[in-house]
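Chain by chain, the residues:
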Amino acid sequence: MTATVLDPTTALVLVDLQKGITALPTAHPSAEIVERSARLADAFREHGLPVILVRVTGGAPGRTEGPVRGGEVPADWADLVPELGRRDSDIVVTKQQWGAFYGTDLDLRLRRRGVTQVVVAGIATSIGVESTARAAHEHGYHVTVAVDAVTDMDAEAHRNSVEKIFPRLGETDTAEAIAKLLPAAA
């Protein structure tokens, strides 16, 4: 678990750090995930690098064997948590699927800014974060996951993503270690 370098045009992609998701029971306290993600966002902003705030407002259609959340959700369910300190310069992407690339203009927005690498963090590790990291890898971006700034509703699913999947998609490290690589990228 050691990130080696960040490209000069690296973007931070924070996945589903919104009121409805952060309120769910998770393997690691979501407040800690939000705090580390907010510090990363501030560091990226200080270096003039893009911060992408992803939120989910729907779900993919189709039959599944797993449980499907249903019913009414609070009006503020998809609101980004205020602790992220959203700025006018941040890019907000609203998705309907697990990953932030499918059905959105995220790839276009990144390419227009010359982005070649993404740092990914958020909730849930094995769903939104992993799907976004996989798609970023498939789109040709260098991928780094801030493993202490991700969590899941299922501890085993989280562990599998962190230990088995993310190392095959790119590099992993802590949010603090990744932030320390930013001066080299600026």
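See the structure printed just above.
Basis of the calculations
Residues numbered from 1 in each chain as written. Predicted model: local features only at pLDDT ≥ 70, side-chain atom pairs only at ≥ 80, totals over all residues. Heavy atoms only, no water. Helix = DSSP H or I, 4+ residues; strand = E, 2+ residues; numbered from the N terminus. Rg over C-alpha atoms; globule rule 2.2 N^0.38 Å. Buried < 20%, exposed > 50% of the residue type's maximum accessible area, 1.4 Å probe, protein only. Contact = heavy atoms within 4.5 Å. Areas by Shrake-Rupley, 256 points an atom, 1.4 Å probe, with all protein chains shown as cover. Lys, Arg positive; Asp, Glu negative; His and termini not counted. Charge placed at Lys NZ, Arg CZ, Asp CG, Glu CD. Axes fitted to C-alpha atoms, helices over the stretch in contact; angles between N-to-C directions. Parallel < 35°, antiparallel > 145°, perpendicular 65-115°, else oblique.

Enquirer: Explain the overall build of the protein here, please?
Expert: Each helix and strand in the protein was counted, giving six helices and six strands. Mapped from its N terminus to its C terminus, the protein presents α and β elements in the order β-α-α-β-β-α-β-α-β-α-β-α. In summary, the protein has a C-alpha radius of gyration of 15 Å against a globular reference of 16 Å for 186 residues, a match within 12%. Projected onto its principal axes, the C-alpha coordinates of the protein cover approximately 45 × 35 × 30 Å. In the protein, buried positions account for 47% of the 186 residues. Across the protein, contacts joining residues at least 24 apart in sequence account for 84% of those joining residues at least 6 apart. Carbon and sulfur atoms form 51% of the exposed surface of the protein, whose accessible area is close to 9400 Å². Across the protein, the centroid of the 19 positively charged side chains sits 4 Å from that of the 25 negatively charged ones.

Enquirer: Got a minute to help me understand helix H4 (residues 125–138) in this structure?
Expert: Two residues of an α-helix separated by three or four positions point the same way, owing to the 3.6 residues in each turn. Listed as buried for H4 are Thr 125, Gly 128, Val 129, Glu 130, Ser 131, Thr 132, Ala 133, Ala 135 and Ala 136. If you follow the buried residues of H4, they end up packed against strand E1 (10–15), strand E4 (117–123), strand E5 (142–151) and helix H5 (155–169).

Enquirer: Explain the environment of Phe 44 to me, please; I cannot follow it from the model alone.
Expert: Mapped onto the fold, Phe 44 is located in helix H2 (residues 30–46). Phe 44 sits 106 residues away from Val 150 along the chain, and the two C-alpha atoms are 17 Å apart. Every residue in contact with Phe 44, bar those within four places of it in the chain, is listed here: Thr 10, Ala 11, Leu 12, Leu 49, Pro 50, Val 51, Val 119 and Leu 182.

Enquirer: I'm lost on the packing of H4 against H5 in this one. Help?
Expert: For any two helices packed against each other, the geometry comes down to the angle between their axes and how far apart the axes lie. Close contact between H4 and H5 brings their axes to 10 Å; oriented N to C, the two are set at 5°. What the angle tells us is that H4 and H5 run roughly parallel. Here Thr 125, Ser 126, Val 129, Glu 130, Ala 133, Arg 134 and His 137 of H4 lie close against H5, whose contacting residues are Ala 157, His 158, Ser 161, Val 162, Ile 165, Phe 166, Arg 168 and Leu 169.

The analysis is restricted to geometry; functional conclusions fall outside its scope.
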